[in-house]
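Listed below are the residues making up each chain.
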Amino acid sequence: MKDQFIRGIQMKWENISPYSYVRSIPAVQNLQHLEFHKPITFFVGENGSGKSTLLEAIAIAEGFNPEGGTKNYSFSTYDSHSELYEAIRIIKGVRHAEWGYFLRAESFYNVATMEEEYARGTVPSERLHQISHGESFLAVAQKHFRPNGLYLLDEPEAALSPQRQLTLLMEIDRCVKEESQFIIVTHSPILLGMPNAEILTFDDEQIHPCDYEETDSYQVTEMFINHRAHLLRRLLENETDTM
């Protein structure tokens, strides 16, 4: 893809209260601008590092509903999003996305419920509540991942087995080949293995690029697989000693 739909973001911190908690997130508080160079960008880092907060803010600034769905979804079951979106100015490319979807694991139940409400009297419902959580995630990907689309995914691996994560990886690759863009928050070493993706880590109190092998997701998984017995012995013996 020659040009991303979202080339980057610029921060207008004057739009945020000096007392806002988002100013205390280490990786975010000093952010002034961020560029996206490839069709797939991964956000990685420890829990609480600000990955999902920033992705959510980008999604809202781009016109998506805070709880997820397409840009046609307009509902609120619990107003929990931060005001960070008020500081974000989207730097757009010359092309415009023809479609898009914001998928977030923590509020997907609400989106599935609203999908049934919106479907009444118009088009048949996908009935996402009548299939497993993992199957519903893949159903959304297979229906809503279209050519020339913008897709923001927050921990899409949450409901997926390793095999299904590979299926999702293939769906993402298919869409990228059809000129789509993805920004994804993930802890999955499987998804992070996507070739030619940009990985931005939120660790070390700043957002910066890193290689696949440098991510905690890879390193911890590799260490566990190759040294499982030794690692478990050390962890569990230490736990016993503290009891």
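The rules behind each value
- Residues numbered from 1 in each chain as written.
- Predicted model: local features only at pLDDT ≥ 70, side-chain atom pairs only at ≥ 80, totals over all residues.
- Heavy atoms only, no water.
- Buried < 20%, exposed > 50% of the residue type's maximum accessible area, 1.4 Å probe, protein only.
- Helix = DSSP H or I, 4+ residues; strand = E, 2+ residues; numbered from the N terminus.
- Pairing = 2+ DSSP bridges.
- Right-handed = clockwise from strand over helix to strand, strands pointing away.
- Axes fitted to C-alpha atoms, helices over the stretch in contact; angles between N-to-C directions.
- Core = buried A, V, L, I, M, F, W, Y, C linked by side-chain atoms within 4.5 Å.
- Polar contact = N/O pair within 3.5 Å; in protein donor to acceptor, adjacent residues only side chain to side chain.
- Contact = heavy atoms within 4.5 Å.

**Student:** Just to check I follow, could you spell out the pairing of strand E7 (residues 181–185) for this structure?
**Tutor:** Within a regular strand, side chains alternate between the sheet's two faces. The element E7 is extensively covered by neighbouring structure, given that five of its five residues are classed as buried. A two-sided burial pattern is seen for E7, the buried positions comprising Gln181, Ile183 and Val185 on one face and Phe182 and Ile184 on the other. Here strand E3 (residues 40–44) runs beside E7; their pairing, made up of four bridges, is parallel. Bridge pairing in E7 links Ile40 to Phe182. Where strand E6 (residues 149–154) and E7 come together, five bridges link them in parallel fashion. The residue bridging Tyr151 from the neighbouring strand is Phe182, located in E7. Chirality of the crossover, the property in question, places the unit of E6, helix H5 (residues 162–177) and E7 among those that are right-handed.

**Student:** Where do I start with the sheet that holds strand E4 (residues 88–92) in this structure?
**Tutor:** Across a sheet, paired strands are connected by hydrogen bonds in the backbone, their directions being either parallel or antiparallel. Within the open sheet, the three strands sit side by side as E2-E1-E4. Their pairing is antiparallel. Of all strands in the sheet, those bounded by a partner on one side alone are strand E2 (33–35) and E4. Shown here is a sheet whose adjacent strand axes are inclined to one another by a mean of 20 degrees, direction ignored. With three bridges connecting them, strand E1 (residues 6–11) and E2 associate as antiparallel partners. Residue pairing for E2: Gln10 is matched across the bridge by His33.

**Student:** Would you explain the nonpolar core in this entry?
**Tutor:** When a protein is soluble and globular, its nonpolar side chains tend to lie buried together. Judged by nonpolar contacts, the single largest core of 32 residues is most densely connected at Ile9, Leu34, Phe43, Leu54, Ile58 and Leu152. Going through the elements one at a time, E1, helix H1 (26–29), helix H2 (51–62), E4, E6 and E7 are the ones with two or more residues in this core. No other element matches H2, which puts five residues into this core. Tyr151, Leu168, Phe182 and Ile199 belong to the second-largest nonpolar core, a separate cluster that totals 26 residues.

**Student:** Please explain the side chain of Gln4 as it appears in this structure.
**Tutor:** Along the chain, Gln4 falls in the segment before E1. Overall, the relative accessible area of 5% leaves Gln4 in the buried class. At a separation of 3.4 Å, a polar atom in the side chain of Gln4 contacts the main-chain carbonyl oxygen of His37. If we ignore the near neighbours within four places in the chain, the residues touching Gln4 are Phe36, His37, Lys38, Pro39, Gly93 and Gln181.

**Student:** What is the right way to read the pairing of strand E8 (residues 198–201) from this model?
**Tutor:** Across the two faces of E8 the burial is the same, with Glu198 and Leu200 and Ile199 and Thr201 all buried. Here four bridges tie E3 to E8, and the two strands are oriented parallel to one another. When the bridges of E8 are listed, Thr41 appears paired with Glu198. The sheet contact formed by E8 and strand E9 (residues 208–209) spans two bridges and is antiparallel. Directly across from Leu200, in E9, lies its bridge partner Pro209. Between the end of E8 and the start of E9, which pair antiparallel, lie six residues, with Asp204 showing a positive phi angle near 65 degrees.

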